[in-house]
Amino acid sequence: MSPLHTIQDPGSQRLTWNKVPLSILIIKKIFDASVVPPFKDLVTWLVECRQMVVFIEEKVLQENLLQEDTEFQNLTTKLSIFREGKDDLTDKIDFIICLGGDGTLLYASSLFQQSVPPVLSFHLGSLGFLTPFQFENFQDQVNQVIEGNVPLTLRSRLKCVTCKKDSVCSRTLHINNIDKADASTHILVLNEVVVDRGPSPYLCNIDLYIERKLVTSVQGDGLIISTPTGSTAYATAAGASMVHPNVPAIVITPICPHSLSFRPVVVPAGAEIMVMVSPEARHTAWASFDGRNRQEIQHGDTLRITTSVYPVPSLCYQDQMSDWFESLAGCLNWNVRKSQKQFTDSTRTSSLTSLESLSERESDRDPEYV
């Protein structure tokens, strides 16, 4: 009898190109002088050696160190410039290169609210949990991506929709049927949605629904609803389990709950989660999306969340498992401790003698001892 379902091997996720990639978007960590030299080296090599179309954000080119560099300024005429929120990058980018920390990957995700090009992330920031590549041999790394057959992780995102009280959006049965024009907010996030009490001194009092059924009321500092990628961010600090990004799941984590029994839970990807301010709440709540677009949730408003159909294809340095566990150990010191010392020959002999002596005494005391 054949199995009903086949479990996909994570190692089967690899980057393949239908055509040779020609255009690259470079996301650079801003206000960091140490990233400027690698940025210039990368741009110069891509434009002059690889003859590629390079997109750069306008505000990056306005940094003082780049403005004062005459040689680089001569190169800017060959670059394609875009402005966040004004220029549409859809179908213009073949793949993305991030230079910085995890925040650059989150920012790249925010620029693409539908399908996202593959992302190659170089570790030039602080933590670097999501940036496994070192910049020293960047030419080899980029060439390998251009050739294809590179392992990647499809990092799921959350689709988040805010509906105002009594709106058409709030009455729509399923989140996937909501028209963007009817929603107050319609955004995809890579890490998490955080609902908290904002500036209020009172407990955050919100109702949590899953598949339109009231599950519980949250009283505390707030609630984190995260992807598996986001489970190793704010959610981990709040006590959630760390979930591998290949696991199809949504992690729900309370922030300082006023209850000793409120533990984080994991629900299936695709479930619709709904958060509302409780009718008896003393104040409103506030929501933020990957740390941005902070907004107030009023009484009667609805925040609706589910798994998006548009993941972020994040390129791996080794493979999906090795990269993740190395990040856990290297960035979060997961299970890092000094090793227990082994017995020396003399200590081992002494311990064995003590155990044999103990066994003899037990044998003498208990006639049924075997």
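Look above for the structure.
Source: prediction; values computed, not measured. (Residues numbered from 1 in each chain as written. Predicted model: local features only at pLDDT ≥ 70, side-chain atom pairs only at ≥ 80, totals over all residues. Heavy atoms only, no water.)

1. Things to note about helix H1 (residues 36-49)
Our working definition: Under the DSSP-based scheme used, a helix requires at least four consecutive residues in state H or I and a strand at least two consecutive residues in state E, with every element numbered from the N terminus. Multiplying one less than the number of residues by 1.5 Å gives the expected span of a helix. Working definition: with a 1.4 Å probe on protein chains only, accessible area under 20% of the residue-type maximum means buried, over 50% means exposed, and in between means partly exposed.
Taking 1.5 Å as the rise per residue, H1 with 14 residues should run 20 Å; its terminal C-alpha atoms sit 19 Å apart, in good agreement. The complete set of buried residues in H1 reads Val 36, Pro 38, Phe 39, Leu 42, Val 43, Trp 45, Leu 46 and Val 47. Among the residues trailing H1, Gln 51 stands out with phi positive, at a value near 55°.

2. Brief notes about the pairing of strand E3 (residues 53-57)
Heads up, the condition is: DSSP calls a pair of strands paired once it identifies at least 2 bridges connecting them. When the strands point away from the viewer, a crossover counts as right-handed if the path from the first strand over the helix to the second runs clockwise.
For E3, the tally of buried residues reaches 4 of 5 residues, placing the bulk of the element in the interior. With 4 bridges joining them, strand E2 (residues 23-28) and E3 adopt parallel strand pairing. Pairing of Leu 25 across the sheet is with Phe 55, part of E3. Crossover connection from E2 via H1 to parallel E3: handedness right-handed.

3. Here's the deal with the side chain of Ser 231
Rule in force here: Any pair of nitrogen or oxygen atoms within 3.5 Å is treated as a polar contact; in protein, a donor-acceptor pairing is required on top of that, and neighbouring residues in sequence qualify only through side-chain atoms on both sides. Contacts are residue-level and defined by heavy atoms, with any inter-residue pair within 4.5 Å sufficient.
Turning to its location among the elements, Ser 231 is positioned in the loop between strand E13 (222-226) and helix H8 (234-237). Residue class for Ser 231 comes out buried when judged on its relative accessible area of 0%. Among the polar contacts made by the side chain of Ser 231, one reaches the main-chain amide nitrogen of Val 243 at a distance of 2.9 Å. Ignoring any residue separated from it by four or fewer positions in sequence, one finds Ser 231 in contact with Ser 226, Thr 236, Ser 241, Met 242, Val 243 and Val 251.

4. Thoughts on helix H6 (residues 138-147)
Our working rule: Comment: arc refers to directions from the helix axis out to C-beta atoms.
For H6, the complete set of buried residues consists of Phe 138, Gln 141, Val 142, Val 145 and Ile 146. Looking straight down H6, one finds its buried side chains confined to an arc of 135°; they lie on one side. Structural note: H6 exposes Asp 140 and Glu 147 on the side pointing more than 90 degrees away from its buried face. Each element contacted by the buried residues of H6 is listed here: strand E1 (14-15), H1, strand E5 (95-100), strand E6 (119-123), strand E7 (150-155) and strand E20 (312-315). Just past H6, the residue Gly 148 takes up positive phi, approximately 90°.

5. Observations concerning the sheet that holds strand E9 (residues 185-189)
What counts here: Only C-alpha atoms enter the line fits that serve as axes; for helices the fit covers just the stretch in contact. Angles between N-to-C directions range over 0 to 180 degrees.
With respect to topology, 6 strands assemble into an open sheet ordered E9-E8-E19-E16-E11-E12, the strand pairing being antiparallel. Bordering the open sheet on either side are E9 and strand E12 (213-220), each of which pairs with just one other strand. Recorded for the sheet is a direction-independent mean angle of 20° between the axes of neighbouring strands. Strand direction decides the pairing type here: strand E11 (residues 204-210) and E12, joined by 7 bridges, are antiparallel. Each residue of the ladder has a partner; that of Ile 206, found in E12, is Val 218.

6. Observations concerning the pattern of salt bridges
Note the threshold: Should a side-chain nitrogen of Lys or Arg be within 4 Å of a carboxyl oxygen of Asp or Glu, the pair is scored as a salt bridge.
Per the stated rule, a full pass over the model turns up 11 salt bridges. Close ionic contact of Glu 57 with Lys 59 constitutes a salt bridge, the shortest N to O distance being 3.8 Å. By relative accessible area, Glu 57 is classed as buried at 6%. Note that Arg 294 and Asp 196 form a salt bridge whose closest N and O atoms lie 2.7 Å from each other. Here Asp 196 lies in strand E10 (residues 192-196) and Arg 294 lies in strand E18 (residues 292-297), a separation of 98 residues in the sequence. For Arg 294, a relative accessible area of 44% gives the class partly exposed.

7. Overview of the state of the cysteines
Note the following rule: Only a pair of cysteine sulfur atoms within 2.5 Å qualifies as a disulfide here.
Evaluated as defined, the whole model comprises 1 disulfide. Covalent S-S linkage joins Cys 163 and Cys 169, the inter-sulfur distance amounting to 1.7 Å. Like Cys 169, Cys 163 is buried. We note that Cys 160 lacks a disulfide partner, and the nearest cysteine sulfur, in Cys 163, lies 12 Å from it. The exposure class of Cys 160 is buried, given its relative accessible area of 0%.

8. Some remarks on the sheet that holds strand E14 (residues 249-255)
Pairing within the open sheet is antiparallel, and its 6 strands lie in the order E15-E14-E13-E10-E17-E18. Looking at strand neighbours, the two that pair on one side only are strand E15 (265-268) and E18, the edges of this open sheet. On average, each strand axis in the sheet is inclined to that of its neighbour by 20°, with strand direction left out of account. As paired strands, E13 and E14 are joined by 5 bridges and run antiparallel to one another.

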